[in-house]
Amino acid sequence: QVQLVESGGGLVQAGGSLRLSCAASGRTFSSYVMGWFRQAPGKEREIVAAISWSGSATYYADFVKGRFTISRDDSKNTVYLQMNSLSAEGAAVYYCTADRTVVAGARSPSTYSYWGQGTQITVSS
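For the structure given in this document, a descriptive report is provided here.

Basis of the calculations
- Residues numbered from 1 in each chain as written.
- Predicted model: local features only at pLDDT ≥ 70, side-chain atom pairs only at ≥ 80, totals over all residues.
- Heavy atoms only, no water.
- Helix = DSSP H or I, 4+ residues; strand = E, 2+ residues; numbered from the N terminus.
- Buried < 20%, exposed > 50% of the residue type's maximum accessible area, 1.4 Å probe, protein only.
- Contact = heavy atoms within 4.5 Å.
- Polar contact = N/O pair within 3.5 Å; in protein donor to acceptor, adjacent residues only side chain to side chain.
- Pairing = 2+ DSSP bridges.

1. Concerning the side chain of Asn77
Stage number 1. Within the secondary structure, Asn77 is located in the loop between strand S7 (68–73) and strand S8 (78–83).
Stage number 2. By relative accessible area, which is 19% here, Asn77 ends up buried.
Stage number 3. With near-sequence residues (within four places) excluded, Asn77 lies in contact with Cys22, Ala23, Ala24, Ser25, Gly26 and Phe29.

2. Section: the side chain of Thr97
Stage number 1. By the element assignment, Thr97 lies in strand S9 (residues 92–99).
Stage number 2. Judged by its relative accessible area of 0%, Thr97 falls in the buried class.
Stage number 3. In terms of polar contacts, Thr97 uses its side chain to reach the backbone carbonyl oxygen of Tyr114, at 2.8 Å.
Stage number 4. In this structure, Thr97 is in contact with Leu4, Val33, Met34, Gly35, Trp36, Phe37, Tyr112, Tyr114 and Trp115, ignoring residues within four places of it in sequence.

3. Focus on the environment of Ser71
Stage number 1. Structurally, Ser71 is set in strand S7.
Stage number 2. Among the residues examined, Ser71 registers a relative accessible area of 30% and is labelled partly exposed.
Stage number 3. Measuring from C-alpha to C-alpha, the distance between Ser71 and Arg45 comes to 21 Å, with 26 residues separating the pair along the chain.

4. Re the pairing of strand S5 (residues 46–51)
The side chains of a regular strand alternate between the sheet's two faces.
Stage number 1. A large share of S5 lies buried, amounting to five of its six residues.
Stage number 2. Direction of pairing for strand S4 (residues 33–39) relative to S5: antiparallel, over a ladder of five bridges. Bridging from a neighbouring strand, Trp36 pairs with Ala49 of S5.
Stage number 3. Between S4 and S5, which pair antiparallel one after the other, the connecting turn spans six residues, and Gly42 there sits at a positive phi close to 75°.
Stage number 4. Of the pairings in the sheet, the one linking S5 to strand S6 (residues 58–60) comprises three bridges and is antiparallel in character. Counted as the bridge partner of Ala49 is Tyr60 from S6.
Stage number 5. Taking the residues between adjacent antiparallel strands as the criterion, S5 and S6 are bridged by six residues, where Gly55 takes a positive phi near 85°.

Have a look at this one:
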């Protein structure tokens with residue numbers, strides 16, 4: 001069982017930056033693929049980025065490539081999402097997710113086993 005707790009969301013101006021953190025419980029964090037999804041009101045949950053258990057492979061949705069960076073620190077059981085150049089389209093609830101068997105970059109939320117409670121990002125113009 002893995003518990004995930006996100007932090008770092010909030011209000012940011014368009015063009016600004018935020019860094020999300022996701023702290024995971026458990027002693028086997030390093031064996032999990034970690035990902036970030038987001039869900040805006042009235043829209044489906046969509047993948048933003050994912051990172052393999054080793055950290056050697058990453059996946060980014062086309063709409064964030066070049067602006068967002070996912071990373072992990074296994075010594076802290078934490079995965080990060082650095083978000084730069086945020087736009088109004090980035091406003092959503094961002095969720096951290098984990099799974100031991102999924103391929104990093106799997107787009108369907110149903111393929112991930114564990115989810116955090118989400119953190120809200122609001123972008124002001």
